[in-house]
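Close look at the chain arrangement
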Amino acid sequence: MELIFLGTSAGVPTRTRNVTAILLDLQHPTRGGLWLFDCGEGTQHQLLSTAYHPGKLDKIFITHLHGDHLFGLPGLLCSRSMAGNANPLTIYGPAGIAEFVETTLRLSGSWTDYPLEVVEITGGLVFDDGDHKVIAGPLNHPVECYGYRIEEHDKPGALNAAALIADGVKPGPLFQRLKQGESVTLEDGRVVNGQAYLSAPQPGKTLAIFGDTAPCAAALQLARGVDVMVHEATLEAAMEEKANSRGHSSTRQAAQLAREAKVGKLIVTHVSSRYDARGCERLLAECREVFSGCELAEDFTQVSV
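The structure contained in this document is the topic of the report that follows. (Residues numbered from 1 in each chain as written. Predicted model: local features only at pLDDT ≥ 70, side-chain atom pairs only at ≥ 80, totals over all residues. Heavy atoms only, no water.)

Next up on the list: the nonpolar core. The tendency in soluble globular proteins is for nonpolar side chains to be buried as a group. In this structure, Phe 210, Met 229, Val 263, Leu 266 and Val 268 are the most contacted members of the largest nonpolar core, which totals 31 residues. Within the residue set of this core, elements represented by two or more residues are α6 (217–223), α8 (251–261), β15 (265–269), α9 (277–290) and β17 (294–296). If near-sequence neighbours (up to four positions away) are discounted, Phe 210 is found in contact with Leu 139, Tyr 146, Gly 147, Ala 219, Leu 222, Ala 223, Met 229, Val 230, His 231 and Leu 257. Counting 26 residues, the second largest nonpolar core, distinct from the first, contains Phe 5, Tyr 92, Tyr 146 and Val 303. (Core = buried A, V, L, I, M, F, W, Y, C linked by side-chain atoms within 4.5 Å. Buried < 20%, exposed > 50% of the residue type's maximum accessible area, 1.4 Å probe, protein only. Helix = DSSP H or I, 4+ residues; strand = E, 2+ residues; numbered from the N terminus. Contact = heavy atoms within 4.5 Å.)

Applying the stated rule across the entire model yields eight aromatic pairs. Here the aromatic rings of Phe 61 and Tyr 92 are separated by 4.9 Å at their centres, their planes lie at 10 degrees, and the arrangement is stacked. In this pair, Phe 61 sits in strand β5 (residues 57–61) while Tyr 92 sits in strand β6 (residues 89–93), placing the two residues 31 residues apart along the sequence. Pair check on accessibility: Phe 61 and Tyr 92 agree, each one buried. Among the aromatic residues, those joined into a cluster by ring pairs are Trp 35, Phe 37, Phe 61, Tyr 92, Phe 127 and Tyr 148. Residue placement shows Lys 59 over the ring face of Phe 127; its charged tip is 4.5 Å from the ring centre. (Phe/Tyr/Trp six-rings, centres within 6.5 Å; stacked < 30°, edge-to-face > 60°. Lys NZ or Arg CZ within 6 Å of the ring centre and 35° of its normal.)

Now for the pattern of salt bridges. In this structure the tally under the stated criterion is eight salt bridges. Between Arg 282 and Glu 236 there is a salt bridge; the shortest N-O distance is 3.3 Å. Remark: Glu 236 occurs in the loop between β14 (228–232) and α7 (240–245) and Arg 282 occurs in helix α9; sequence separation between them is 46 residues. Here Glu 236 falls in the buried class, since its relative accessible area comes to 14%. A single network of salt bridges, built from pairs that share partners, joins Lys 133, Arg 149 and Glu 151. (Salt bridge = Lys/Arg side-chain N within 4 Å of Asp/Glu carboxyl O.)

Geometric values such as these leave the question of function open.
The following block contains the structure:
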């Protein structure tokens with residue numbers, strides 16, 4: 001999986017940072033999969049600077065209904081339709097997301113020429129397609145807000161073809177069934193259990209993408225043990241009280257969660273517009289004092305999961 005940060009600023013855009021939007025390329029070998037997490041104003045413009053096309057999007061996950069996470073959605077939906085794209089799209093988000101989409105399209109005289117489904121979530125399992133599952137967890141923000149945990153299902157172990165051949169099983173269509181762990185009956189009547197010829201399953205990747213939040217108990221469960229955690233760090237540690245009063249986290253608090261949850265890597269984003277490049281270096285240093293495996297995302301930063 002690959003993360004592409006399209007916007008990393010909190011509240012308002014700056015000269016170098018757009019507001020929040022994150023692409024996730026699942027890189028599925030057969031059916032692709034391109035997901036978007038939040039869609040701040042100007043997201044479709046940011047997409048133009050990447051190799052990705054809006055028509056490839058099949059899921060959009062909205063964390064909450066504040067404008068810097070949402071105001072780019074109507075334009076993106078309409079542009080996707082005007083391009084003649086017919087691929088279906090599903091939007092997930094908190095209560096009110098359906099009304100927002102329906103109202104903006106209706107009042108602007110707009111529509112979509114592709115199947116569009118809007119699903120309002122309440123936490124827990126959002127969906128599971130057999131390859132990936134997404135779990136939503138409630139966060140601590142002035143409006144209803146969620147974080148998302150993405151889990152890739154474990155992949156079957158490799159098939160030991162050499163051992164099968166040595167045991168008299170001829171290569172062919174049966175190998176595919178054996179790779180799925182099935183038992184097959186050979187022409188001579190022997191029953192071969194595919195599980196006996198598979199190596200250990202390959203653990204799937206895990207990822208947590210947080211919406212805006214002050215520290216909360218649910219965050220630990222959402223992030224526990226993930227390979228990569230994406231978390232806001234709106235303000236520096238010295239302004240922690242101000243951050244928390246507005247439903248945000250400081251650098252130190254994001255890093256403390258990463259350490260407690262034992263994540264593999266922390267990517268901080270959603271940086272206040274008060275910080276220039278030098279200020280961002282200071283924010284990153286504060287995070288690394290608590291959790292060394294941390295990076296601060298800039299627009300168009302790419303991170304492999």
